[in-house]
Amino acid sequence: MLDYEIKPIDILYHSFDNYSQDPIKVLLEYEKVRGKSLRDGKVYLFLDELQKIKDWQTYTKTIYDNYQNIKIIISGSSLRQSKKESLAGRILEFFVSPLSFKEYLFFSNKKNLLNVAIDDLLVTEYNIYLFKQYPDLAIDTNIDSKKYVGELIKKIIFEDSEKFIENVDKELLHKILNVILRSPGQIIEYTDLAKDFGSDRKIISTYIDFLINSSLVRKIYNFSNNPRKIEMRARKIYPFCTTLIKYVDENPDLSKVVETDVAFQTNSEFFWTDRNEEIDFILSSNKRIAFEVKYKNTLENKEIKTFNSQNVIKLKLTKKYLVVKENAKINFEDKNIITLPYYVLW
């Protein structure tokens, strides 16, 4: 903003993370510091974690309706959970995801690697990136990933959850997350999970929805050519990104890490399974691009058997990708299947 010659005095950043002040009082205090009316000239408000203030939507609407010259930017880790009906027509939403590999290289001051051919150095950096997908971790190499995501997770579960789920059982919520982080990509039946934890299916569904909206996990549906069947089928649940796995496992299974990363990098909506056949990811119902993860040293014809089955042919896939380990030995030939090392999907 300063590059556009906007004066620093016309920009306010305020975090409500640890301070629950009345937003209007914050605005009036800022007006005193600014030294002139907030209606005078263009003003930019950056309000972080505003959703922690009760009736934050009403405060935002009041500022918006009474100060046409003020541009309001609200950020927060739990904003996706919050109701925004009163702001309809006044708000544009942007979801800020954990870092892509390109963004990670910029934050870690290694963007020069974008201009080199893929080599051992780039692959090594990608493996580091898999557990450094948050800006703080990319910027400061001294921050421990496990400790960082631990603090993030505990804040969301043990502090934020009670603001969005009435009478929340925080320990149960924590246990559900741990199950998902320890076994990425498992097929989750809410009824079975409820039995395992001595809970109710509706509660399990509510808790998983909270974890999804908090960007701790992602849900992937079982694909069907019949849209009505999709919601009825079991889902796969993954950690939202690979860095989160560090919370439960200091040395995780790399095959599961890579599978989780493919979910993150492609943002796939579906997987597909039918009896003993399965495809890990299908991009969307419109873009029927499939990804199968095979993190092995050697790949034989049996690894692509599902891709060529009659049931899969009926899915009318437009492209088929096999995501493989670095330097994997490929012992098959199929011009319709493209092999990709896991570190090039970004």
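Note that the structure is a prediction, hence the values are computed from the model and not measured.

1. Things to note about helix 8 (residues 190-197)
Right, so step 1: Restricting attention to buried positions, one finds in helix 8 the residues Tyr-190, Leu-193 and Ala-194. Along helix 8, the residues classed as buried sweep out an arc of 105° about the axis, all on the same side. Exposed and oriented more than 90 degrees from the buried face of helix 8 are Lys-195 and Asp-196.
Right, so step 2: Two residues or fewer past helix 8, Gly-198 is found with a positive phi of approximately 65°.

2. Details of helix 11 (residues 254-266)
Right, so step 1: Look at helix 11: 18 Å from first C-alpha to last across 13 residues, which is about the 18 Å you get at 1.5 Å a residue.
Right, so step 2: Helix 11 sits mainly inside the fold: ten of its 13 residues count as buried.
Right, so step 3: Along helix 11, the residues that are buried comprise Val-257, Val-258, Glu-259, Thr-260, Asp-261, Val-262, Ala-263, Phe-264, Gln-265 and Thr-266.
Right, so step 4: Where helix 11 is buried, its residues contact helix 4 (120-129), strand 5 (217-222), strand 6 (235-239), strand 8 (277-282), strand 9 (289-294) and strand 11 (319-324).

3. Side note on the pairing of strand 8
Looking along a regular strand, one sees side chains alternate from face to face of the sheet.
Right, so step 1: Across the six residues that make up strand 8, a large majority, five, are buried.
Right, so step 2: Bridge count between strand 7 (residues 270-274) and strand 8: four bridges; the pairing is antiparallel. Bridge pairing in strand 8 places Phe-270 opposite Ile-282.
Right, so step 3: Between strand 7 and strand 8, which pair antiparallel and follow one another directly, the connecting turn spans two residues, one of which, Arg-275, has a positive phi of 60°.
Right, so step 4: Pairing geometry for strand 8 and strand 9, over two bridges, is antiparallel. Residue pairing across strands places Phe-281 opposite Phe-291, the latter belonging to strand 9.
Right, so step 5: A loop of six residues connects strand 8 with strand 9, the two strands running antiparallel in sequence.

4. Observations regarding the environment of Asp-40
Right, so step 1: With respect to the helices, strands and loops of the structure, Asp-40 is situated in the loop between helix 1 (23-34) and strand 2 (43-48).
Right, so step 2: Ignoring sequence-local partners within four residues, the contact set of Asp-40 consists of Arg-34 and Asn-69.

5. Some remarks on the packing of helix 8 against helix 9 (residues 201-213)
Right, so step 1: With their axes 8 Å apart at the nearest point, helix 8 and helix 9 run at an angle of 105° to one another. One element, helix 8, and the other, helix 9, form an angle in the roughly perpendicular class. Of the residues in helix 9, those in contact with Tyr-190, Thr-191, Leu-193 and Ala-194 of helix 8 are Arg-201, Ile-204, Ser-205 and Ile-208.
Right, so step 2: Here the residues of the contact of helix 8 with helix 9 are counted per class, giving five nonpolar, two polar and one charged.

6. What about the nonpolar core?
Right, so step 1: Grouped together as the largest cluster of nonpolar side chains are 65 residues, with contacts concentrated most on Ile-176, Ile-208, Leu-244 and Phe-291.
Right, so step 2: Here Ile-208 is in contact with Ile-176, Ile-188, Tyr-190, Leu-193, Val-217 and Ile-237, once residues within four sequence places are set aside.

7. Quick word on the pattern of salt bridges
Right, so step 1: The full count for this structure, using the stated rule, is 18 salt bridges.
Right, so step 2: Across the pair Asp-17 and Lys-155 runs a salt bridge whose closest N-O atoms are separated by 3.5 Å. Of this pair, Asp-17 sits in the loop between strand 1 (11-15) and helix 1 while Lys-155 sits in helix 6 (residues 145-160), placing them 138 residues apart in sequence.
Right, so step 3: On the basis of relative accessibility, which here comes to 27%, the residue Asp-17 falls in the partly exposed class.
Right, so step 4: For the salt bridge of Asp-160 with Lys-155, the shortest nitrogen-to-oxygen distance reads 3.8 Å. The same class applies to Asp-160 and to Lys-155, which are both buried.

Rules of the game
Residues numbered from 1 in each chain as written. Predicted model: local features only at pLDDT ≥ 70, side-chain atom pairs only at ≥ 80, totals over all residues. Heavy atoms only, no water. Buried < 20%, exposed > 50% of the residue type's maximum accessible area, 1.4 Å probe, protein only. Helix = DSSP H or I, 4+ residues; strand = E, 2+ residues; numbered from the N terminus. Arc of directions from axis to C-beta. Expected span 1.5 Å × (residues − 1). Contact = heavy atoms within 4.5 Å. Pairing = 2+ DSSP bridges. Axes fitted to C-alpha atoms, helices over the stretch in contact; angles between N-to-C directions. Parallel < 35°, antiparallel > 145°, perpendicular 65-115°, else oblique. Nonpolar A, V, L, I, M, F, W, Y, C, P; charged D, E, K, R; others polar. Core = buried A, V, L, I, M, F, W, Y, C linked by side-chain atoms within 4.5 Å. Salt bridge = Lys/Arg side-chain N within 4 Å of Asp/Glu carboxyl O.

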